[in-house]
Amino acid sequence: MPRVERRAQLLDSALEVFVAQGYHAAAMDDIAERAGVSKPVLYQHFPGKLELYLALLEQSCDAMITKVREALASTQDNKERVARTVHAFYDYVASESGAYRLVFESDLTNDPAVREQVDRVTNECTEAIAEVIAADTKLPEPAALLLAVSLVGMAEVSSRFWLDSQRRMDKDAAASFVGGLAWRGIAGYPKTDEH
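Just so it is clear, the model here is predicted, and its values are computed rather than measured.

Thoughts on helix H2 (residues 28-35)
Right, so step 1: Along H2, the residues classified as buried are Met28, Ile31, Ala32 and Ala35. The buried side chains of H2 occupy one side of the element, clustering within an arc of 95 degrees when seen end-on.
Right, so step 2: Looking at the buried positions of H2, the neighbouring elements they touch are helix H1 (3-25), helix H3 (39-45) and helix H4 (49-73).
Right, so step 3: Positive backbone phi, approximately 75 degrees, marks Gly36, located one or two places after H2.

Given below as structure tokens:
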């Protein structure tokens, strides 16, 4: 198998193991077995469990950040932007891969490299949303950032609560419900006359 394909296969197998067992309980033996390779093959691609976890975490963080940026860029209608951004969080946590657990529920957040990646999701999503808020409302940067991090927090926490409560509401209905709440709040900061 070509190196790039083997790496992708190993990451997929590692994701299954880390999501199911957490970082501390997962073993390289388990990951190699899940991938159908020997441990030496696994170590050819990743020098250790932490490096494998960080590669997987970076990939998972990139996916979440990309979803938010795509939602923001998908329309010029701010009400729809808010809805699509909230939906991005719900879609991410609802993914069958469970990758969100690495980003939002890691059992390794005391490690500085892991904490940096996890914080990157909040920071980059917040910055992207704050740019839109600041451009449209002319609010100063600190105010735009505070509103943006509040929206990110609302979307992240509510989507995880929705998932943990055994999805008692339909995903799209739940995301729309929370998106409506977020819009009613952020709509209080109207666009300037220039927009």
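Thoughts on the UniProt feature "DNA-binding region" (unreviewed entry) in the protein
Right, so step 1: The UniProt record annotates "DNA-binding region" (unreviewed entry) at residues 27-46.
Right, so step 2: Between the end C-alpha atoms of residues 27-46 the distance is 13 Å, and the span holds 75% helix and 0% strand.

Notes on the UniProt feature "domain: HTH tetR-type" (unreviewed entry) in the protein
Right, so step 1: According to UniProt, the "domain: HTH tetR-type" (unreviewed entry) feature falls on residues 4-64.
Right, so step 2: Its end C-alpha atoms 22 Å apart, residues 4-64 is made of 87% helix and 0% strand.

Thoughts on unusual backbone geometry
Outside of glycine, negative phi angles account for most residues, and trans bonds account for most peptide bonds.
Right, so step 1: You will see that Lys138, though not glycine, has its phi angle at about 65 degrees, which is positive.
Right, so step 2: You can see Lys138 is positioned in the loop between helix H7 (112-137) and helix H8 (141-164).
Right, so step 3: Residue Lys138 is classed as partly exposed on the basis of its relative accessible area, which comes to 46%.

Concerning the pattern of salt bridges
Right, so step 1: Applying the stated criterion to the full structure yields 13 salt bridges.
Right, so step 2: Here Arg69 makes a salt bridge to Glu124, at a shortest N to O gap of 3.1 Å. Note that Arg69 is positioned in helix H4 and Glu124 in helix H7, a separation of 55 residues in sequence.
Right, so step 3: On the basis of relative accessible area, Arg69 is assigned to the partly exposed category, the value being 45%.
Right, so step 4: Linking Arg160 and Glu156 is a salt bridge whose minimum nitrogen-to-oxygen distance equals 3.0 Å. Remark: Glu156 and Arg160 occur in helix H8; sequence separation between them is four residues, near one turn of the helix.
Right, so step 5: Connected via shared salt-bridge partners are Asp62, Arg69, Arg120 and Glu124.

A word on the nonpolar core
Right, so step 1: Phe18, Leu52 and Phe104 are the most contacted members of the largest nonpolar core, which totals 59 residues.
Right, so step 2: Among the elements of the structure, H1, H2, H4, helix H5 (78-94), helix H6 (100-104), H7, H8 and helix H9 (171-186) are those that each provide at least two residues to this core.
Right, so step 3: The biggest single contributor to this core is H4, with ten residues.
Right, so step 4: Those residues in contact with Phe18 that lie beyond four places of it in its chain are Tyr23, Ala26, Ile31, Lys49, Leu52, Tyr53, Leu56 and Leu102.

Topic: the packing of H4 against H7
Right, so step 1: Taken N-terminus to C-terminus, the directions of H4 and H7 make an angle of 10 degrees; their axes are 9 Å apart at the nearest point. Relative to H7, H4 is oriented roughly parallel. From H4, Leu50, Tyr53, Leu54, Leu57, Glu58, Cys61, Asp62, Met64, Ile65, Val68, Arg69 and Leu72 reach across to H7, where they touch Ala113, Val114, Gln117, Val118, Arg120, Val121, Glu124, Cys125, Ala128, Ile129 and Val132.
Right, so step 2: Residues that form the contact of H4 with H7 fall into these classes: 17 nonpolar, one polar and five charged.

Parameters and conventions
- Residues numbered from 1 in each chain as written.
- Predicted model: local features only at pLDDT ≥ 70, side-chain atom pairs only at ≥ 80, totals over all residues.
- Heavy atoms only, no water.
- Buried < 20%, exposed > 50% of the residue type's maximum accessible area, 1.4 Å probe, protein only.
- Helix = DSSP H or I, 4+ residues; strand = E, 2+ residues; numbered from the N terminus.
- Arc of directions from axis to C-beta.
- Contact = heavy atoms within 4.5 Å.
- UniProt positions renumbered as here; feature names shortened; annotations may be inferred.
- Salt bridge = Lys/Arg side-chain N within 4 Å of Asp/Glu carboxyl O.
- Core = buried A, V, L, I, M, F, W, Y, C linked by side-chain atoms within 4.5 Å.
- Axes fitted to C-alpha atoms, helices over the stretch in contact; angles between N-to-C directions.
- Parallel < 35°, antiparallel > 145°, perpendicular 65-115°, else oblique.
- Nonpolar A, V, L, I, M, F, W, Y, C, P; charged D, E, K, R; others polar.

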